[in-house]
Amino acid sequence: MKQLTDILLEEHLVEPAQLDEAWLEHERVGRPLGRVLVEMGHITEAQLVAALASQIGLDFVDLSEHPVDAAAVAVLNPAISRRHTVLPIGYDEQGRLLLAMADPGNVFALDDVRQITGREARPIVATRDDLLAAIERYCRADADMDDITSAMSTDELEDELTKVREIVEDAPIVKYVNMLITQAIQDRASDIHVEPAEDCLRIRYRIDGVLHEIMRSPKAIASGVTSRLKIMSDIDIAERRKPQDGRLTITTNGRTIDLRVATLPTVWGEKIVMRILDNSNTRLALQDLGFSDGNLVRFEKSYVKPYGMILVTGPTGSGKSTTLYATLNVVSKPEINVITVEDPVEYRLPGINQVQVNPKAGLTFAAALRSILRSDPDVVLLGEIRDHETAQIAVEAALTGHLVLSTLHTNDAPSAITRLTEMDVEPFLVGSALDAVLAQRLARKLCSKCAEEYTPERADLDAVGFGLLRDEPVPTLMRPVGCPACSKTGYKGRLALHEVMTVSEEIERLTVTRASSTEIAAVAREQGMTTLRQDGMAKVRAGRTTIDEILRVVA
């Protein structure tokens with residue numbers, strides 16, 4: 001049997017000097033040499049597992065890239081796959097089942113698979129993390145769908161409410177709803193759309209900003225699914241004529257996830273949209289949000305000041321809240337008082353006083369803001385500036401020694417100034433209070449596993465405003481291909497595009513004279529502001545996204 005070190009050297013995975021360094025650390029700490037090499041960053045977990053598989057004469061498979069045969073997956077009960085951490089991924093030439101395993105020495109798992117499937121199994125080694133992710137990806141609860149369909153009766157009952165309650169208590173419906181939510185979280189979805197149609201119930205997930213149809217279920221279960229979700233969200237199940245809002249909390253894989261739920265009556269029944277609120281986003285640092293170096297420096301200069309107003313602008317779903325929370329994480333300290341006013345409070349933050357707007361009780365944004373200014377705040381976060389009264393109080397708060405963070409719905413940073421003056425806030429107050437405006441969008445990131453290089457035509461780059469200099473050679477860019485790791489989309493994850501406008505004396509003078517946003521934008525660009533499109537094209541050059549994505553999210 002070959003030594004692990006020989007295999008690593010033959011495959012050029014490590015240099016002799018790195019091996020010597022790791023060997024000394026291995027002797028010092030007593031951990032396996034392979035594990036030490038991974039911890040020191042000389043090889044990856046996958047490279048170690050592949051080398052160990054080669055050492056014992058077995059094949060290695062990267063499940064994030066290797067296509068998986070759905071027919072092979074179906075021959076083994078998902079419960080067995082999860083119990084033994086194994087996954088059938090196909091068949092070899094002899095008809096044996098190719099069984100991905102984290103521990104190929106687990107003879108009990110091989111015996112169980114042989115007895116259940118009636119086939120010989122050939123073990124193939126995979127990393128444990130990849131295997132667990134693949135099991136969740138491919139072992140969907142299809143069996144539950146059959147159970148639900150057979151459990152449902154299409155007979156109409158006279159008492160509709162009684163029918164709904166009986167269906168909701170039925171275990172298959174509970175399992176179906178739980179599967180919808182947990183699968184969405186595993187697929188990194190931001191929203192779940194449950195949509196009744198004429199002849200089916202359609203389920204769609206919004207992943208990386210784009211909706212994907214996941215499944216179509218029998219129409220018979222629509223009312224049961226809707227009622228189950230409404231009960232979980234503490235929404236009135238008897239009210240079907242008007243929109244309602246609710247919230248639910250679930251625990252999956254040790255994580256507590258909140259979901260904001262909204263119902264909408266349609267001609268075919270109630271549509272439900274669930275926004276997944278992942279608290280891990282609130283712990284992000286500003287450096288994790290994809291700022292270019294120049295934009296980050298410009299933005300940092302604004303929030304380190306003890307007072308003034310900072311606005312984050314962009315459409316719904318552009319990551320404004322995430323940026324504001326990341327900024328709060330920086331400025332929030334034990335010696336200052338931070339108060340937020342939100343509608344609704346999406347993420348609960350430790351050490352910060354958060355106020356939920358309640359218009360029915362008279363607690364509007366303006367009323368809440370007026371009250372919290374009497375609570376000795378140092379930093380105030382307003383969920384959104386929607387009207388004149390809120391804008392006026394926010395500007396006055398910024399002028400009286402408070403740092404005010406808020407959002408506006410505008411297309412770019414310069415438009416925020418004209419938007420505030422259109423709300424009848426005096427221009428000289430806007431110019432004095434406003435310190436910086438950050439406009440942002442979210443674009444999909446290229447999948448790192450399948451993106452390929454290409455050289456575009458110069459004319460195509462000029463047509464989209466790529467910013468290519470006259471004598472500059474055409475750069476090599478990246479484009480999407482599609483692989484199992486990114487669900488054949490070519491994209492995985494998102495990155496932010498930023499436009500940071502600091503309010504200089506010249507921009508302040510333009511504000512007082514009620515200059516147009518076009519004039520303000522021209523001056524801001526002269527003073528070094530990078531536009532959203534310029535920031536996007538810089539990220540295209542860096543191979544992080546594509547021109548098509550930038551054109552999709554930036555006008």
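Residues numbered from 1 in each chain as written. Predicted model: local features only at pLDDT ≥ 70, side-chain atom pairs only at ≥ 80, totals over all residues. Heavy atoms only, no water.

So, on to the sheet that holds strand S8 (residues 255–266). Backbone-to-backbone hydrogen bonds pair the strands of a sheet. The strands run either parallel or antiparallel. Judged by pairing direction, the sheet is antiparallel, and its six strands sit side by side in the order S6-S5-S4-S9-S8-S7 without closing on themselves. Both outer strands of the open sheet, strand S6 (210–218) and strand S7 (244–252), are each paired with one neighbouring strand and no more. If you compare each strand with its neighbour and ignore which way they point, the axes differ by 20° on average. Alignment of S7 against S8, held across nine bridges, turns out to be antiparallel. In the sheet register, Arg247 faces S8, and the bridge partner there is Arg260. In this fold helix H12 (residues 222–232) packs onto strand S4 (189–196), strand S5 (200–207), S6, S7, S8 and strand S9 (269–277), with an angle of close to 45° to the strand it touches most, S9. (Pairing = 2+ DSSP bridges. Helix = DSSP H or I, 4+ residues; strand = E, 2+ residues; numbered from the N terminus. Axes fitted to C-alpha atoms, helices over the stretch in contact; angles between N-to-C directions. Contact = heavy atoms within 4.5 Å.)

A separate point is the sheet that holds strand S1 (residues 86–91). In space, the three strands of this open sheet follow the order S1-S2-S3, with mixed pairing throughout. Pairing within the sheet leaves two strands with one partner each, and these edge strands are S1 and strand S3 (121–125). Sheet twist, expressed as the average angle between the axes of neighbouring strands with direction ignored, equals 35°. Where S1 and strand S2 (residues 97–101) come together, five bridges link them in antiparallel fashion. Paired with Gly90 across the strands is Leu98, a residue of S2. Across the face of the sheet, helix H7 (residues 107–117) comes into contact with S1, S2 and S3 while running at roughly 145° to S2.

Our focus in this paragraph is the packing of helix H15 (residues 365–372) against helix H16 (residues 388–399). Relative to each other, H15 and H16 sit at 20°, their axes nearing to 8 Å. Relative to H16, H15 is oriented roughly parallel. For the pair H15 and H16, the crossing hand works out as left-handed. Here Phe365, Ala366, Leu369 and Arg370 of H15 lie close against H16, whose contacting residues are Glu389, Thr390, Ile393 and Ala394. When grouped by side-chain class, the residues that make up the contact of H15 with H16 number five nonpolar, one polar and two charged. (Parallel < 35°, antiparallel > 145°, perpendicular 65-115°, else oblique. Left-handed = near helix turned anticlockwise from the far one by under 90°. Nonpolar A, V, L, I, M, F, W, Y, C, P; charged D, E, K, R; others polar.)

What follows concerns the pairing of S6. Where S5 and S6 come together, eight bridges link them in antiparallel fashion. Looking at S6, one finds that Arg202 is bridged to Arg216. Taken together, S5 and the strand that follows it, S6, pair antiparallel across an intervening segment of two residues, in which Asp208 is found at a positive phi of about 55°.

Moving on, we come to the UniProt feature "domain: Bacterial type II secretion system protein E" (unreviewed entry) in the protein. In the numbering adopted here, UniProt assigns the feature "domain: Bacterial type II secretion system protein E" (unreviewed entry) to residues 373–387. Across residues 373–387, the secondary structure splits into 0% helix and 27% strand, with the terminal C-alpha atoms separated by 18 Å. (UniProt positions renumbered as here; feature names shortened; annotations may be inferred.)

All right, on to the packing of helix H20 (residues 505–512) against helix H21 (residues 517–526) then. Close contact between H20 and H21 brings their axes to 10 Å; oriented N to C, the two are set at 175°. The orientation of H20 relative to H21 falls into the category roughly antiparallel. Within the contact between the two elements, H20 uses Glu506, Ile507 and Leu510 and H21 uses Glu519, Ile520, Val523 and Ala524. Looking at the contact of H20 with H21, its residues break down into five nonpolar, no polar and two charged.

Turning next to helix H2 (residues 16–29). Taking 1.5 Å of rise per residue, 14 residues should cover 20 Å, and H2 covers 20 Å from first to last C-alpha, within 8% of that figure. A positive backbone phi angle near 80° is found at Gly30, which sits one or two residues after H2. (Expected span 1.5 Å × (residues − 1).)

Considering every residue of the protein, the mean pLDDT works out to 85; 93% of them sit at 70 or more. Here residues 141–161 scores under 50 on pLDDT; set against residues more than four positions off or in separate chains, the count is 27 contacts. Overall, residues 163–170 carries pLDDT values under 50, and its contacts beyond four positions in sequence, including any with other chains, amount to 20 contacts. (pLDDT = per-residue confidence, 0-100.)

This paragraph deals with the environment of Ile310. Locating Ile310 in the fold gives a position in strand S10 (residues 308–313). With 88 residues separating them along the chain, Ile310 and Ala398 place their C-alpha atoms 9.2 Å apart.

On to the pattern of salt bridges. Evaluation of the coordinates by the stated rule reveals 26 salt bridges. In this structure, Glu213 engages Arg216 in a salt bridge whose closest nitrogen and oxygen atoms are separated by 2.6 Å. Of the residues examined, Glu213 reaches a relative accessible area of 40% and is grouped as partly exposed. With relative accessibility at 52%, the residue Arg216 sits in the exposed group. (Salt bridge = Lys/Arg side-chain N within 4 Å of Asp/Glu carboxyl O. Buried < 20%, exposed > 50% of the residue type's maximum accessible area, 1.4 Å probe, protein only.)

Before going further, it helps to examine unusual backbone geometry. Leave glycine aside and you will find that most residues have negative phi; peptide bonds, for their part, are mostly trans. Residues other than glycine seldom take positive phi values, yet Asp208 does so here, at roughly 55°. Along the chain, Asp208 falls in the loop between S5 and S6. Assessed through its relative accessible area of 8%, Asp208 is described here as buried. One non-glycine residue, Arg514, lies in positive phi territory at about 60°.

Our next topic: the state of the cysteines. Scanning all chains against the criterion turns up zero disulfides. For Cys447, which is in no disulfide, the shortest distance to another cysteine sulfur is to Cys483 and amounts to 3.8 Å. Note on Cys447: relative accessible area 3%, which makes it buried. Between Cys483, a cysteine without a disulfide, and Cys450, which holds the nearest cysteine sulfur, the sulfur-to-sulfur distance is 3.8 Å. For Cys483, a relative accessible area of 8% puts it in the buried group. (Disulfide = S-S within 2.5 Å.)

Counting 57 residues, the largest nonpolar core has Met309, Leu311, Ile385, Leu420, Phe466 and Met501 as its most contacted members. The element that contributes the greatest number of residues to this core is H16, accounting for six residues. Residues in contact with Met501, not counting those within four places in the same chain, are Arg298, Ala413, Pro414, Ile417, Asp435, Ala436, Val437, Ile507, Ile520, Ala524 and Met529. Ranked by size, the runner-up nonpolar core spans 29 residues in total, among them Ala189, Ile192, Val194 and Ile203. (Core = buried A, V, L, I, M, F, W, Y, C linked by side-chain atoms within 4.5 Å.)

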